[in-house]
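The lines below spell out each chain.
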Amino acid sequence: MTRVVLLTDFGTADGYAAVMAGVVAAAAPGTAVEHASHDIAPGDVFGAALALSRYALLYPEGTVHLVVVDPGVGTDRRALAARIDDRCFIAPDNGVLTLVLAGASRVRLVAIEPGAAGGVAAPTFHGRDVFAPIAARLAAGEAVTAVGNEIHDPYLLETPVPVAEGGAIRGEVIHVDRFGTLITNIPASWVRRADGGGGSTVSVEGVAAGALRRTYGDVEPGALVALVGSLDLLEVSVRDGSAARRLAAGRGAQIEVLNLPGEPV
Amino acid sequence: MTRVVLLTDFGTADGYAAVMAGVVAAAAPGTAVEHASHDIAPGDVFGAALALSRYALLYPEGTVHLVVVDPGVGTDRRALAARIDDRCFIAPDNGVLTLVLAGASRVRLVAIEPGAAGGVAAPTFHGRDVFAPIAARLAAGEAVTAVGNEIHDPYLLETPVPVAEGGAIRGEVIHVDRFGTLITNIPASWVRRADGGGGSTVSVEGVAAGALRRTYGDVEPGALVALVGSLDLLEVSVRDGSAARRLAAGRGAQIEVLNLPGEPV
Amino acid sequence: MTRVVLLTDFGTADGYAAVMAGVVAAAAPGTAVEHASHDIAPGDVFGAALALSRYALLYPEGTVHLVVVDPGVGTDRRALAARIDDRCFIAPDNGVLTLVLAGASRVRLVAIEPGAAGGVAAPTFHGRDVFAPIAARLAAGEAVTAVGNEIHDPYLLETPVPVAEGGAIRGEVIHVDRFGTLITNIPASWVRRADGGGGSTVSVEGVAAGALRRTYGDVEPGALVALVGSLDLLEVSVRDGSAARRLAAGRGAQIEVLNLPGEPV
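Residues numbered from 1 in each chain as written. Chains lettered and ligands numbered in written order. Predicted model: local features only at pLDDT ≥ 70, side-chain atom pairs only at ≥ 80, totals over all residues. Heavy atoms only, no water.

### What about helix 2 (residues 45-55) of chain C?
What counts, and what does not: Exposure is judged per residue with a 1.4 Å probe applied to protein chains only, and the accessible area is read against the type maximum: over 50% gives exposed, under 20% gives buried, and values in between give partly exposed. Secondary structure counts use DSSP, requiring at least four H or I residues in a row for a helix and at least two E residues in a row for a strand, with both numbered from the N terminus.
In terms of burial, helix 2 of chain C is a largely internal element, ten of the eleven residues being buried. Along helix 2 of chain C, the residues that are buried comprise Val45, Phe46, Gly47, Ala48, Ala49, Leu50, Ala51, Leu52, Arg54 and Tyr55 of chain C.

See below:
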C-alpha cells in the first residue's frame, strides 16, 4: 500500500486539504492518503521544512510526500518532484526541501513540466491542479524523471549558523514548538553535560536557563531547562510550561552557551 | 477500497470525531475512514456547505461523505441520505448539501427512517447513533433507498445573489478562508481583466482593492489584490497577508465592482 | 486491516505526530494509521483519558490505541502496554487509561521493558523511540506479554465523586467541550425529568440552569439547558452558544442538583 502524505498550511476548514486528498484518491485509487499536518503557519516555509525533515524519511520507502506551503503560487517559482533516499517528494521550489536534502544520500530532482499534470492550472491553487495529480502519478509508480527535466539548482533556505568564539557559542532560536520549547540551531555535539558546575551553561537573550540537563525530570515543575532534544539540537523548555511565554522569546532569539571544564556525565 | 470521509464541527480534542470513525470502522471493516475536517466553526452550516462543495465530487465514485454540522440535533429536523453524482452523502437536513446539490446532475434523496440505524439514538449525538451507522451501511454497498423514503424537498440555504445595476455589480463576502482571503458571491463570468485602465475594479466596503488581476504575483507583497479564485468566484486577498484583517471585513461585507471598457487580456 | 489509532497533545505543526505515524507505517506496513486527535491540551492527561474512554472500545477488536500525552517523559514513570476488552493500548503510566479501565471486563497490563523497542530512547521523545515501535509490534500480532512484565498497579487518576445529601446533589464540571458544554461528574441515574415543576433542577456556581430537559430543542436558542449527554452524564449547555463562556465556568465549577417530586416523563 503506497502512502501519499500531505503537508500544507491550508488548515482543514476551507476544504482545500480535502480537495487534494480527493484528487489523489481518485487518480490513484489504491493509495492511502495520510495527513502529516495542515497547521503549518500560513506561508511558514521554514516551519514546514523543519517538520518535514523530522518525519519524511521515517516513512516506508516508496512513500510520496506532497508538500504545499506555497506563498509564491502564481509567480514563476518552479514546481519540483524529487526522489530522495527512496521516498518521493512534490513541492514548490521555495526551499521547503532544504533540510531533507541536507541529510540525504541519494537525490534526483526534476522541475515539473508545465502541462505534466494535464489541463490548465488555476493560478491560485496549484495544490489541486498540479501537485496532487503529479503525486498520484508517482504513487502509481511513475519515475520522477517522467514528469519533468532534471535540475541541480533547487532553491535552498539559508539557515542561520551558530558561531563559537572565545569559549562562547552564539546561536539562535529557529523554531518554537507547540509546548513553547525553543529549538535552537546549536547541535548536540557542541554542548556537554558535566559534574561539579562544569559543562554547558545556557542563556536566552541574556536570561540564564542553567546548566545542560538530560531531561525535563531533572528540574522542578515550572523551571527552565536546557537539554538536547529529539532533533539532536539544543532546546530550552519550561517543565510543564512554555519557555516561549516565560521568556517572551520566539524565532530569532539569541542563545549563548558557555562551556566550562568539568567531568563529563 | 471504499472511503468514508468525515466533515464535522466537532474538533478532535473531545473524542467525538473518533467516536464516529470508530463506529464506521467497526461496522464496515474494509472501509478507509478519512477526515476532511473537524474544524468547521461550531454550527457554521454554510461554511461546511462551501467546503463540501469544493471536494465532495473530486473523490472517487462510491465515496461516502458523512457530514455532521448539526446545530439542530434533537429537534425534529430530518436526517438525509443521498446519492449525488455517484457519491453518497449522509447529513442533517439543514442545508449543508445546498451547494453540492446546486451543481449536481443525478440526485436521489431519502429521509432516513427512525430506527434505520438500529437501537435508540441519544438525543444529543446523532453522529454516533444515526449518521455513522448509516454511513457504514452505504459504504458496505446498500442503496440509499434501503435506509429511508425518497423526498424531493430538502431544506436549502438561501445564498445571497449578486446584482448588476447601472454598470456596477454589488455582491458580498460569503466566506473568509484561513489566509484571510475574502471569497465573494460574484462569479468569474461577471468580471474581466483588461488593458489600459479598463476591466473590473473592485472595492470592499468602499475601500479600493484595485483592478482585477490574474494572481498574487501581479502585486507587491503586502498589497491588496482582487482575482478569480479556485471556485471561479471573485476573491480579495492581501499578498502574503490577510485581507480580512487589513479591511476588518468578514462574511457579509459589501463588494462593489465597476466594469470599465478596455482591451481584454 | 489492523488500525493503529493515535491520541496525543502534540499538535501536528511540529511534525511530532507524523514522526509517530511514519515509524508505525515503516515497522508495520499493512497497518492503517489513524488519528483520533493531536489537539489534547498540552499535558491534559484527564482530557485525554475522557476522550479515549469515548471512542476506544468502539473501534474493532484488534485495534491498537497509541496514546502519548506524557508530561512526565524523561522521569521514571513506567510505559504501559495493555490488552483491554480485545483492543490494545500503549500509553505512559500516568492515569490516561483510568476511564477505559473503569469500564473494562478483561484487562491485561504490562510495564514495557526498557529495551523492548530496541535502540536507545531519546529522553524527551518516547513517542518516537518507545511507544510507536511497540505499537507496531502489537499491530503485527505480538501479545502484550511479549513486550514487558505483567503489573497490577497502574497509576490511576482520582476522579471527583459527586455527593448526595439532604435532597441535593453536589458535583462538578469535569470537562468543557468544543461547544462550551459543561460536562459534569453526575450520572444520568442520579437525575430525572418530571412534569409539573418536579424532577431535577440544576445550577452552576449558584446560577440557575433550569429543569432537566431531553435535548437542545426543548429550549429557545441562546438559553441555558441541562440534559443528559452522550456519556450518560449530566451536562449544561447553551443552545447554539457556549455555557462555558456564558457562565465563565470551567473544569472544577460546582454543580448543584435539586430533585423535586413530580410525575416522570
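### Re the interface of chain B and chain A
We apply this condition: It only takes one pair of heavy atoms within 4.5 Å for two residues to be counted as in contact. Simply put, the buried area is the total loss of 1.4 Å probe accessible area from both parts when two parts are fitted together. The working definition used for a salt bridge is a side-chain nitrogen of Lys or Arg within 4 Å of a carboxyl oxygen of Asp or Glu. Any residue outside Ala, Val, Leu, Ile, Met, Phe, Trp, Tyr, Cys, Pro, Asp, Glu, Lys and Arg is labelled polar, Gly included; the first ten of those are nonpolar and the last four are charged.
Contacts between the two partners involve 31 residues from chain B and, on the opposite side, 33 residues from chain A. Together, the buried faces of chain B and chain A total about 2400 Å²; carbon and sulfur atoms form 54% of this surface. On inspection of chain B and its partner chain A, the count reaches zero salt bridges. For the side of chain B that touches chain A, the secondary structure elements donating two or more residues are strand 2 (32-37), helix 2 (45-55), strand 9 (168-176) and strand 13 (224-228) of chain B. Tallied by class, residues from the side of chain B that touches chain A come to 14 nonpolar, eight polar and nine charged.

### Side note on the sheet that holds strand 3 (residues 64-68) of chain A
All names here are of chain A. The criterion, for reference: Each pair of strands is called paired provided DSSP finds at least two bridges between the two strands. Note on geometry: axes are C-alpha line fits, over the in-contact stretch for helices, and angles between N-to-C directions span 0 to 180 degrees.
Judged by pairing direction, the sheet is mixed, and its seven strands sit side by side in the order 2-1-3-5-4-6-7 without closing on themselves. For this open sheet the edge positions go to strand 2 (32-37) and strand 7 (148-150), each flanked by a neighbour on one side alone. Here the strands of the sheet are splayed against their neighbours by 25° on average, with no regard to which way each runs. Looking at chain direction, strand 3 and strand 5 (residues 87-92) are connected through three bridges and run parallel. Looking at strand 5, one finds that leucine 66 is bridged to isoleucine 90. Its contacts with the sheet put helix 2 (residues 45-55) on strand 1 (3-8), strand 2, strand 3 and strand 5, and the angle it makes with strand 1 is roughly 155°.

### Concerning the sheet that holds strand 7 (residues 148-150) of chain C
In sheet architecture, strand pairing relies on hydrogen bonds along the backbone and comes in two forms, parallel and antiparallel. Residues and elements named next belong to chain C. The strand order across the open sheet built from seven strands is 2-1-3-5-4-6-7, with neighbouring strands paired in mixed fashion. Only two strands of the sheet have a single neighbouring strand rather than two, namely strand 2 (32-37) and strand 7. Averaged over all pairs of adjacent strands, the angle between their axes in this sheet comes to 25°, without regard to strand direction. In this sheet, strand 3 (residues 64-68) lies alongside strand 1 (residues 3-8) in parallel orientation, the contact comprising five bridges. Counterpart to valine 4 in the pairing with strand 3 is valine 64. Together, strand 1, strand 3, strand 4 (79-84), strand 5 (87-92) and strand 6 (107-112) form the strand contacts of helix 4 (residues 126-139), whose direction differs from that of strand 3 by roughly 170°.

### Brief notes about the pairing of strand 1 (residues 3-8) of chain B
Within a regular strand, side chains alternate between the sheet's two faces. All names here are of chain B. With six of its six residues buried, strand 1 lies for the most part within the structure. Burial along strand 1 is two-sided: the face carrying Arg3, Val5 and Leu7 and the face carrying Val4, Leu6 and Thr8 are both buried. Pairing analysis gives five bridges linking strand 1 to strand 2, with the strands arranged parallel. Considered in strand 2, the bridge of leucine 6 is made with histidine 35.

### Topic: the confidence of the model for chain A
To keep it simple, the criterion reads: Every residue gets a pLDDT, meaning the predictor's confidence in that residue, from 0 to 100.
Averaged over every residue, the pLDDT of chain A is 94; the share at 70 or more is 99%. Both scores are available for the predicted complex, with the pTM at 0.96 and the ipTM at 0.95.

### Thoughts on the side chain of threonine 8 of chain B
Residues and elements named next belong to chain B. Counted only if it meets this: Within 3.5 Å is the distance limit for a polar contact, defined as a pair of N or O atoms, with the added protein rule that one can donate a hydrogen and the other accept it, and that residues adjacent in sequence qualify only through two side-chain atoms.
Take threonine 8: it is sitting in strand 1. Residue threonine 8 is classed as buried on the basis of its relative accessible area of 0%. Polar side-chain contacts of threonine 8 include one of 3.0 Å to the backbone nitrogen of phenylalanine 10. A distance of 2.7 Å separates the side chain of threonine 8 from the side chain of histidine 38, its partner in a polar contact. Contact partners of threonine 8, with chain neighbours within four places excluded, come to Met20, Ser37, His38, Asp39, Ile40, Val68 and Val69.

### Quick look at the relation of the copies chain B and chain A
Rule in force here: The copies were overlaid with a least-squares fit restricted to C-alpha atoms from residues scoring a pLDDT of at least 70 in each copy.
Overlay of chain B on chain A (RMSD 0.0 Å): rotation 120°, translation along the axis 0.0 Å. What the superposition gives is, in effect, a three-fold axis relating one chain to the other. Looking at the interface residues of chain B, only 13% of them are also at the interface in chain A, so each copy uses its own face.

### Looking at the pattern of salt bridges
Under the defined criterion, the tally for this structure stands at 36 salt bridges over all chains. With its nearest N and O atoms 3.1 Å apart, the salt bridge here joins aspartate 153 of chain A to arginine 78 of chain A. Linking aspartate 153 of chain A in the loop between strand 7 and strand 8 (163-165) with arginine 78 of chain A in the loop between strand 3 and strand 4 (79-84), this pair joins segments that are 75 residues apart in sequence. Judged by relative accessible area, which is 48%, aspartate 153 of chain A ranks as partly exposed. Accessibility expressed as a relative area gives 27% for arginine 78 of chain A, which makes it partly exposed. Across the pair glutamate 150 of chain B and arginine 108 of chain B runs a salt bridge, and its minimum N-O distance is 3.5 Å. Here the residue glutamate 150 of chain B occupies a position in strand 7 (residues 148-150), and arginine 108 of chain B occupies one in strand 6 (residues 107-112), the gap between them amounting to 42 residues. Taking relative accessible area as the criterion, glutamate 150 of chain B reaches 38% and is therefore assigned partly exposed.

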